[in-house]
Amino acid sequence: MKNCPTWLFGIFATALLAVGCDDSDKAIDIPPTDFFSVEVTDVAATSARMTVTPLENETPYYCGTIRKSEFREDHGGDWQSYIDRLIAQLREESGKSVAETVSGIVVRGVKSSLLEALDAETEYVAFAMRLDTEGRIVGTTATDDFTTTKATTAGGFRIVVKDITAKSATMTITPDDLEAPYFYNIISKAIFEQSHGGNWQNYINNLIAHLREDTDKSVADVVSEIVVRGVEVYNSNTLNADTEYIAFAMGLNEQGRITLATVAETFTTPEIVSNNTFTVTFDNTSFDGTDFTITPENPDERYYYTSRAASYFADMTDEEILETILTEDSFLIDFYATSGVTEYTNEQVDNTDTGYYVFVFGYDGGAPTTPLNKFAYRTSKGLGEPSACQFTIDVTNLKSRSAQVAITPSDKTQMFLWDILPESEYEVQKNRLGEFAAEYARLDFSSFGYGYERGDAGNMFSRNLEPGTKYYVWAACMDEFGQAAAEVMIPGNFTTLPVAESAADVTVTLDKYYDGDALYALDPETYATSKGYAFVPVTFAPNDQTTLWYANAYEDDLSNPADPTDEEIAEKLMASGLWCPVGKPFLCKWDEPTTILVLGIDSNDNYRITRIVRTFTKAGASPAEEYKPAENAVKPAHFPATRTPAPLRYRPVAER
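Each chain has its residues counted from 1, running along the sequence as written. Given that the model is predicted, a residue must reach a pLDDT of at least 70 before its local features are reported, and side-chain atom pairs must reach 80 or more before they are shown or counted; all residues, however, enter totals for whole chains, interfaces and linings. Here the side-chain values reflect all heavy atoms present in the structure, with hydrogen atoms and water set aside.

1. Points about the sheet that holds strand β25 (residues 470-477)
At step 1: Strand order in the open sheet made by the 3 strands is β23-β25-β26, with antiparallel pairing throughout. For this open sheet the edge positions go to β23 (416-422) and β26 (489-495), each flanked by a neighbour on one side alone. Neighbour-to-neighbour, the strand axes of the sheet open up by a mean angle of 20°, direction not taken into account.
At step 2: Any two strands between which DSSP finds at least two bridges are classified as paired. The helix count covers DSSP runs of H or I at least four residues long, the strand count covers runs of E at least two residues long, and both are numbered beginning at the N terminus. Sheet topology places β23 next to β25; 7 bridges connect them, and they run antiparallel. Angles shown run from 0 to 180 degrees and are taken between the N-to-C directions of axes, each axis being a line fitted to C-alpha atoms and, for helices, limited to the stretch in contact.

2. Considerations on the packing of aromatic side chains
At step 1: Classification of ring pairs uses Phe, Tyr and Trp, with its six-membered ring standing for Trp, and accepts pairs whose centres are within 6.5 Å; under 30 degrees between planes counts as stacked, over 60 as edge-to-face, and the remaining range as tilted. All chains considered together, the criterion is met by 43 aromatic pairs.
At step 2: Measuring from ring centre to ring centre gives 6.3 Å for tyrosine 513 and tryptophan 590, while their planes differ by 55°; the resulting arrangement is tilted. Taken together, the positions of tyrosine 513 in the loop between β27 (506-509) and β28 (514-515) and tryptophan 590 in the loop between β32 (583-588) and β33 (593-601) put the pair 77 residues apart, joining distant regions of the chain. An identical accessibility class is assigned to tyrosine 513 and tryptophan 590; each is buried.
At step 3: Geometrically, the ring pair formed by tyrosine 514 and tyrosine 627 is tilted, given 5.1 Å between the ring centres and 45° between the ring planes. Of this pair, tyrosine 514 sits in strand β28 while tyrosine 627 is found in the segment after β34 (607-615), placing the two residues 113 residues apart along the sequence. Side by side, tyrosine 514 and tyrosine 627 carry an identical accessibility label, which is buried.
At step 4: Pairwise contacts between aromatic rings join Tyr312, Phe313, Tyr357, Phe359, Phe445, Tyr450 and Tyr452 into one cluster.
At step 5: Between the NZ or CZ atom of lysine 374 and the centre of the ring of tyrosine 357, over which it lies, the distance is 5.4 Å.
At step 6: The criterion for a charge sitting over a ring is simple: Lys NZ or Arg CZ within 6 Å of the ring centre, and within 35 degrees of the ring normal. We note lysine 531 situated over the ring of tyrosine 520; from NZ or CZ to the ring centre the distance is 4.7 Å. Accessible area is worked out with a 1.4 Å probe on protein chains only. A residue is then buried under 20% of its type maximum, exposed over 50%, and partly exposed in between.

3. What about the pairing of strand β3 (residues 48-54)?
At step 1: Residues Ala48, Met50, Val52 and Pro54 of β3 are buried on one face, while the alternating residues Arg49, Thr51 and Thr53, pointing to the opposite face, are not.
At step 2: The pairing of strand β2 (residues 36-41) with β3 spans 6 bridges and is classified as antiparallel. When the bridges of β3 are listed, valine 40 appears paired with methionine 50.
At step 3: What sits between the antiparallel neighbours β2 and β3 is a turn of 6 residues, in which aspartate 42 has the positive phi angle 50°.
At step 4: As judged from the 5 bridges shared by β3 and strand β5 (residues 111-115), these two strands associate in the antiparallel manner. The residue of β5 that forms the bridge with alanine 48 is leucine 115.

4. Some details on a nonpolar patch on the surface
At step 1: Candidates for patches are residues over 30% relative accessible area with no salt bridge; among them, like charges are joined within 9 Å and nonpolar side chains (Val, Leu, Ile, Met, Phe, Trp, Tyr) within 5 Å. Using the Shrake-Rupley algorithm and a 1.4 Å probe, accessible areas are obtained, with residue cover drawn only from the displayed protein chains. For this analysis, a salt bridge means a side-chain nitrogen from Lys or Arg found within 4 Å of a carboxyl oxygen belonging to Asp or Glu. Judged by side-chain polarity, Phe331, Leu332, Phe335 and Tyr336 come together as a nonpolar surface patch covering roughly 560 Å² of accessible area.
At step 2: Classification of leucine 332 as partly exposed rests on a relative accessible area of 39%.

5. Focus on the pairing of β25
At step 1: Taken across its 8 residues, β25 has 7 buried, putting it largely inside the fold.
At step 2: Two elements, β25 and β26, share 5 bridges in a ladder whose sense is antiparallel. The residue bridging lysine 470 from the neighbouring strand is threonine 495, located in β26.

6. What to know about the sheet that holds β5
At step 1: Strand order in the open sheet formed by 3 strands is β2-β3-β5, and the pairing between neighbours is antiparallel. In this open sheet, the two strands that pair with only one neighbour each are β2 and β5. Taken pair by pair, the neighbouring strands of this sheet meet at an average axis angle of 15°, ignoring direction.

7. Looking at unusual backbone geometry
If a residue is not glycine, its phi is most likely negative; likewise, a peptide bond is most likely trans.
At step 1: A cis amide bond, omega 5°, links aspartate 563 with the succeeding residue proline 564.
At step 2: Within the element layout of this structure, proline 564 appears in the loop between β30 (548-555) and α12 (566-576).
At step 3: Phi is positive for glutamine 348, close to 60°, though the residue is something other than glycine.
At step 4: Tracing the sequence through the fold places glutamine 348 in the loop between β17 (342-344) and β18 (355-364).

8. A few points about the nonpolar core
At step 1: Val536, Val538, Phe540, Ile596, Leu599 and Phe616 are the most contacted members of the largest nonpolar core, which has 30 residues in total.
At step 2: The element contributing the most residues to this core is β30, with 6 residues.
At step 3: Non-local contacts of phenylalanine 616, meaning those with residues more than four positions away in its chain, are made with Leu510, Tyr513, Ala534, Val536, Cys588, Lys589, Trp590, Asp591, Glu592 and Thr594.
At step 4: The next biggest cluster of nonpolar side chains, apart from the first, holds 18 residues, and it includes Tyr82, Ile83, Ile87 and Ile137. What makes a nonpolar core is a set of buried Ala, Val, Leu, Ile, Met, Phe, Trp, Tyr and Cys residues whose side-chain atoms join them at distances within 4.5 Å. Whether two residues are in contact is decided by their heavy atoms, any of which lying within 4.5 Å being enough.

9. Some thoughts on empty space enclosed by the protein
At step 1: Each cavity reported here is a set of points on a 1 Å grid over the protein atoms alone in which a 1.4 Å probe fits but cannot get out, each pocket an open set with protein on both sides within 12 Å along at least five of seven lines, and each lining residue one with an atom within 4 Å of a point. Grid points are joined across faces, edges and corners, and a volume is the space filled by probe spheres set on the points. Applying the stated criterion to the full structure yields 1 cavity of 30 Å³ or more.
At step 2: Lining of the largest cavity is provided by Ala309, Ser311, Asn351, Thr354, Tyr356, Phe448, Gly449, Tyr450 and Glu480.
At step 3: Residue composition of the lining of the largest cavity, grouped by class: 4 nonpolar, 4 polar and 1 charged. Throughout, the ten residues Ala, Val, Leu, Ile, Met, Phe, Trp, Tyr, Cys and Pro are labelled nonpolar, Asp, Glu, Lys and Arg are labelled charged, and all others, Gly among them, are labelled polar.

In structure tokens:
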């Protein structure tokens, strides 16, 4: 019996607390005479144990726990409404059908689950229900109501927070039991609520999981390192100004469970207010930027500065501009905030003939200390007029699905955009290319301006073109407001090579497979995820004509050449397949078809698709002792039923 994966715990953030699931099983129609028993035991303040016992072990069912109040308020006390909403949200995230979604959340057999991160003194209902393949509840939902206990206060704490400044505070923790292990810290209230759901056990679980990452430490090892005993005095000097914090202490056992009620004291650090002012002087302004000097009235106080395109902030108030910068630069400000006189030397990254602001504001204790100050400057014009700028192109490395395009402007001081259009789309846009260029520019509009280029440019269009297709290269000089500053030019075109039968071929070898349960019995650590699956090692051997290959395993029989098509398979594998694999074991469902898909690509970008469909039965499994390597395996992916059309924008921002 598999444990429920953690991703399902977040489907309804506050309502769903535990759920049974196993994506290796599919729901079937169930006669209404099968029943369950649901029993909740070991009820504590933040945890309980739920056991579901079906009358028949092969009956697929779904189980979980929900607060009574939320069941009434969010679902009207109706179990079918609850399931419908759950399935709808899961389908939205995965793109799977109802039947596939149901198959992924049902379990079979006796299920015993530890329910964690419950709220103290709260009414819950544990439930189990039979589902058919359409997500309809069959028969009556079995339930067991329970109420969590009050958190114990025996052996509690006294917390005193004093010497509070904008950046620091001193916390003293005095436990009633000087020998009892406990954990303490200070956390911002916003982070506690947003990242941990306002739940102390969630916080501890997340902390322990983080501390165990990339180590072989057990939960008990981590707990032993973070707990203390006796009176503690803690000075935190990394706080942010004008921020609400929680100072807390809690008892912890070796399993990382809270044993003593969490005692918390909230406090707010004061705001830092500064009267500092700034002057900015500009020098050596050119078409690609300027030098400037920032002089604060008080050189000892910290401040932050940045340069941004004025057009982006045209309709914003100073408060909105400040909030935008704080959001966009949140990971930079503390590091780059400075003091004293700043002398900035032109880094030649500004756009030609464009208005900019240098924004300056005091910053300390994690927050602004002065209002926003803005100082305008404008880069100079280019050497000539945008209308006089011409473009030439050079196309090399032309293949059926790829091409290398270099573009050279006659005036290398002008800002421009360029890309390619297939002939079919060019015919649509050719009489409105100026509007098209403006629409294209908006795709990259940010607080730094538009994503223009200047000087020689180029791009490798790698395997995202269509064979035997004519492409037009377009280029347009652009102004600071995202409009074409001159007529959009078509400096040339090229035609990709026609599609041809590919000599690329990848030999797929799938000789033996093994029972995951048997491998687990031999090596529980390596094969912990293999239980319940066929463990299928697959090797891939490309021939000499194959320059690149991708592969992956997928659920279901995908042998129909019309659904999915070879083109859809190639797109899927290049986006998310295994890159140039030599060998990979997969965890496949028993008695259901699995398809191995392989894409072999030759030097001209023509490709060959290989589809191998196999169904694995326990009777055909080889003895586990014959499998020598100790390897982890992956589950086959789900091939989407719908294909996202390729965009007419061939040059992503990352390539520009």
